[in-house]
Amino acid sequence: MGFSCGIVGLPNVGKSTLFNAITSAKVEAANYPFCTIDPNVGVVAIPDERITKLSEIYNPPKIIYSTIEFVDIAGLVKGASKGEGLGNQFLSTIRNVDAIAHVVRCFDDENVIHVDGNVHPKRDIEIIETELILKDLDTVEKKLFEAEKKTKGGDKKGISEFELIKNLKLHLESGRLARYFSTRNEDEATIVYEMHLLTNKPVMYVCNVHEKNLLAENNYIQQVKEIAEKENAKVVVISAAVEAEVSELPESERKPFLQSLGLSESGLDKVIKEGYALLNLITFITAGPKEVHAWTTFKGAKAPQAAGVIHTDFEKGFIRAEIMKCDDLIKFRTEQNVKDAGLLHVEGRDYTIEDGDIVHFRFNL
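The following paragraphs examine the structure supplied in this document. (Residues numbered from 1 in each chain as written. Predicted model: local features only at pLDDT ≥ 70, side-chain atom pairs only at ≥ 80, totals over all residues. Heavy atoms only, no water.)

### Points about the nonpolar core
- Phe-70, Ile-94, Cys-106 and Tyr-205 are the most contacted members of the largest nonpolar core, which totals 59 residues.
- For this core, the element with the most residues is helix 10 (residues 267-279), which contributes six residues.
- Ranked by size, the runner-up nonpolar core spans 16 residues in total, among them Leu-137, Leu-164, Leu-172 and Leu-177. (Core = buried A, V, L, I, M, F, W, Y, C linked by side-chain atoms within 4.5 Å. Buried < 20%, exposed > 50% of the residue type's maximum accessible area, 1.4 Å probe, protein only. Helix = DSSP H or I, 4+ residues; strand = E, 2+ residues; numbered from the N terminus.)

### With respect to empty space enclosed by the protein
- Counted according to the given criterion, the structure contains three cavities of 30 Å³ or more.
- Considered as a void within the structure, the largest cavity measures approximately 80 Å³ in volume.
- Taken together, Val-8, Ile-100, His-102, Ile-128, Glu-129, Leu-132, Leu-177, Arg-179, Leu-198, Thr-199, Val-203 and Tyr-205 form the lining of the largest cavity.
- Those elements that place two or more of their residues in the lining of the largest cavity are strand 6 (99-105), helix 4 (121-150) and strand 7 (203-208).
- For the lining of the largest cavity, the class distribution of residues is eight nonpolar, two polar and two charged. (1 Å grid on protein atoms, 1.4 Å probe; cavity = no way out; pocket = protein on both sides within 12 Å on 5 of 7 lines; lining within 4 Å. Points joined across faces, edges and corners; volume = space filled by probe spheres on them. Nonpolar A, V, L, I, M, F, W, Y, C, P; charged D, E, K, R; others polar.)

### A word on the layout of surface pockets
- Counted as a void, the second largest pocket has a volume near 480 Å³.
- Along the wall of the second largest pocket there are 20 residues; nearest its centre are Thr-286, Ala-287, Val-359, His-360 and Phe-361.
- Elements that contribute at least two residues to the lining of the second largest pocket include exactly strand 9 (281-287), strand 10 (291-298), strand 11 (318-325), helix 14 (335-340) and strand 13 (357-363).
- Its residues placed into classes, the lining of the second largest pocket shows ten nonpolar, four polar and six charged.

### Looking at the packing of aromatic side chains
- All told, the structure shown has four aromatic pairs when counted by the stated rule.
- A ring pair is formed by Phe-3 and Tyr-276, whose centres lie 5.4 Å apart and whose planes are at 70 degrees; its orientation type is edge-to-face. Note that Phe-3 is positioned in strand 1 (residues 3-8) and Tyr-276 in helix 10, a separation of 273 residues in sequence. One exposure class covers both Phe-3 and Tyr-276, and it is buried.
- Taking the centre distance of 6.4 Å and the plane angle of 65 degrees together, the rings of Phe-318 and Phe-361 count as edge-to-face. Of this pair, Phe-318 sits in strand 11 while Phe-361 sits in strand 13; the two residues are 43 residues apart in sequence, bridging distant segments of the chain.
- Owing to a relative accessible area of 7%, Phe-318 belongs among the buried residues under this scheme.
- For Phe-361, a relative accessible area of 8% corresponds to the buried category. (Phe/Tyr/Trp six-rings, centres within 6.5 Å; stacked < 30°, edge-to-face > 60°.)

### Things to note about helix 8 (residues 240-248)
- Looking only at helix 8, the buried set comprises Ala-240, Val-242, Glu-243, Val-246 and Ser-247. Take helix 8 and look down its axis: the buried residues cluster within an arc of 155 degrees, on one side only.
- Of the surrounding elements, those touching the buried residues of helix 8 are helix 1 (15-22), strand 7, strand 8 (234-238), helix 9 (251-260) and helix 10. (Arc of directions from axis to C-beta. Contact = heavy atoms within 4.5 Å.)

### Quick notes on the environment of Ser-24
- Here Ser-24 is to be found in the loop between helix 1 and strand 2 (35-38).
- On a C-alpha basis, the gap between Ser-24 and Ala-244 in space is 9.0 Å, while along the polypeptide they are 220 residues apart.

### So, the pattern of salt bridges
- All told, the structure shown has 18 salt bridges when counted by the stated rule.
- Here Lys-15 ties to Asp-72 by a salt bridge, and the two come within 3.1 Å at their closest N and O atoms. In this pair, Lys-15 is assigned in helix 1 and Asp-72 in strand 5 (residues 67-72), connecting sequence segments 57 residues apart.
- Taking the shortest distance from any N to any O, the salt bridge between Lys-122 and Glu-126 comes out at 2.7 Å. Taken together, the residues Lys-122 and Glu-126, both in helix 4 and four residues apart, mark about one turn of the helix.
- Residues joined by salt bridges that share partners form a network here, namely Asp-48, Arg-50 and Asp-355. (Salt bridge = Lys/Arg side-chain N within 4 Å of Asp/Glu carboxyl O.)

### With respect to the side chain of Asp-72
- Judged by its relative accessible area of 6%, Asp-72 is buried.
- A polar atom in the side chain of Asp-72 sits 3.1 Å from the side chain of Lys-15.
- Ignoring anything within four residues of it in the chain, the contact list for Asp-72 reads Ile-7, Lys-15, Ser-16, Phe-19 and Asn-40. (Polar contact = N/O pair within 3.5 Å; in protein donor to acceptor, adjacent residues only side chain to side chain.)

### A look at the packing of helix 5 (residues 156-173) against helix 6 (residues 186-193)
- Where helix 5 contacts helix 6, the axes come no closer than 11 Å and their chain directions differ by 60 degrees. Our classification of the angle between helix 5 and helix 6 gives oblique. For the pair helix 5 and helix 6, the sense of crossing is right-handed. Within the contact between the two elements, helix 5 uses Glu-161, Leu-164 and Leu-168 and helix 6 uses Glu-188, Ile-191 and Val-192.
- Classifying every residue of the contact of helix 5 with helix 6 gives four nonpolar, no polar and two charged. (Axes fitted to C-alpha atoms, helices over the stretch in contact; angles between N-to-C directions. Parallel < 35°, antiparallel > 145°, perpendicular 65-115°, else oblique. Left-handed = near helix turned anticlockwise from the far one by under 90°.)

The following block contains the structure:
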């Protein structure tokens, strides 16, 4: 389990350049190098130095990084929700993604034509949001029709569901995103969630800038940050052109190249870091002589829930979890040394998994 991210944006904002760059990134010894599922979907291993260091300790034949799936949507334009341009046919493919990366052009270049004549982040964001809202309205209207059938015969639950969806429709028609729609209880929240509405997903704005603006904000970036602040969204500033250059370099040359630009990490690393924060995700690890494996779970997950990420039987038959901290094992080099230092802990069902935990689950079927 990693996470999936749908990439949206207007044409010529650098979206496809970014997609091609980040999904061609290779991670040494990864079991999940980039693979093409179809022309618009790519899976890439998530770089994690802890996994690399643990693999040096155990030297296992199998090393598995967690993954992120990127779903690239053809450039949306006004009217995409009604079939204009190429974007509409792909909108449905991002219904099941965990989050949306909205790429916004934040650079001027007379050689790169803007679909609406000039660079204007606020307007560009509103165009995309409007198209997503209109697509969501299609979904809601179908659900409303289905819910109306349930009201026949005076079924109270059916009537309540119909009223909820009707109010959601009015909310969207007013131009507001689904994530700002208020529900009164968990049942209502579940009904809305299960529609997989595009405007109900967490959003990360990706400002695509010229290389010279990677370290200094311009007015365009400020516009995006103002919008993101109101929406409680994340903002990542990258240069798709730089990412394209990085993706072509051998692994050993990437870090020095980024450092020469004054950067400590790549755009892909930024997207992953902010994506994890956006979705409240953490990484725990299972490690041994046969395999070092990174797993992704939600922050706050209890030990049995984390065990269930590996296999549902692990959760059902959970007995206990033996926990080491990744930093401790890297420091002491062997599990026995960690144990001798009193740093291996045995935890029960109430233990909350922390980022970087190395876990050995004990279970009984």
